[in-house]
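This is what each chain is made of:
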Amino acid sequence: MADLLQTGPTMVGVYFTTEATPRHTVYLLSTVQGFGIFTGAMLLSFLGKHIGHWKWQLGVPVTIMTIFGGLLALITPEKKNEAIAFAFLSATGYGYAQYLSIAYIQFGADQSELGIAGGLAGVA
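Residues numbered from 1 in each chain as written. Predicted model: local features only at pLDDT ≥ 70, side-chain atom pairs only at ≥ 80, totals over all residues. Heavy atoms only, no water.

Looking now at the confidence of the model for the protein chain. Per-residue confidence for the protein chain gives a mean pLDDT of 83; residues scoring 70 or more make up 89%. No element of the protein chain has a lower mean pLDDT than helix 1 (residues 2-16), which averages 67, and none a higher one than helix 3 (residues 32-51), which averages 91. (pLDDT = per-residue confidence, 0-100. Helix = DSSP H or I, 4+ residues; strand = E, 2+ residues; numbered from the N terminus.)

Right, here's the structure in full:
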């Protein structure tokens, strides 16, 4: 996912902006991944307990992240809408999986080391 977080802004800068592109357009294009991660985290927060099946909940977002991250390779300068959609959906899967994996790591930690486990998981 780190590649997606680095590739997305580069793709926006190279494919979809020029020197004449208004700043607000550049800023809007730059927020797609952030909103995707936020959306994934909120979906987990509101729907995670209701869905259950925690192992599936980790597998499905990783699959979504991988599929749409791979589809970003098909993007050309003429496919701006697809690039935005693929980046958003891939980042949504990332946000869901990232926060769920942090919770998983804390399940396996001793009570006295919950903060350390969660902190290290957020850094990794």
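Applying the stated criterion across every chain yields a total of two aromatic pairs. With centroids separated by 5.9 Å and ring planes inclined at 75 degrees, the aromatic side chains of Tyr15 and Phe16 adopt a geometry described as edge-to-face. Accessibility expressed as a relative area gives 35% for Tyr15, which makes it partly exposed. Taking the centre distance of 5.9 Å and the plane angle of 40 degrees together, the rings of Phe68 and Phe86 count as tilted. Of this pair, Phe68 sits in helix 4 (residues 54-71) while Phe86 sits in helix 5 (residues 80-107); the two residues are 18 residues apart in sequence, bridging distant segments of the chain. With a relative accessible area of 16%, Phe86 lands in the buried category. (Phe/Tyr/Trp six-rings, centres within 6.5 Å; stacked < 30°, edge-to-face > 60°. Buried < 20%, exposed > 50% of the residue type's maximum accessible area, 1.4 Å probe, protein only.)

Moving on: the environment of Thr21. With respect to the helices and strands, the residue Thr21 is situated in the loop between helix 1 and helix 2 (23-30). Judged by relative accessible area, Thr21 falls into the buried class, the value being 18%. Residues contacting Thr21, with those up to four places away along its chain left out, are Phe16 and Val26. In terms of polar contacts, Thr21 uses its side chain to reach the backbone amide nitrogen of Thr18, at 2.7 Å. (Contact = heavy atoms within 4.5 Å. Polar contact = N/O pair within 3.5 Å; in protein donor to acceptor, adjacent residues only side chain to side chain.)

A few words on helix 3. Along helix 3, the sharpest change in direction is near 40 degrees and occurs at Ser45. By the burial criterion, the buried members of helix 3 are Val32, Gln33, Gly36, Gly40, Ala41, Leu44 and Gly48. At the C-terminal side of helix 3, Gly52 shows a positive phi close to 70 degrees. (Bend = angle between axes of the 7 residues up to and from the residue.)

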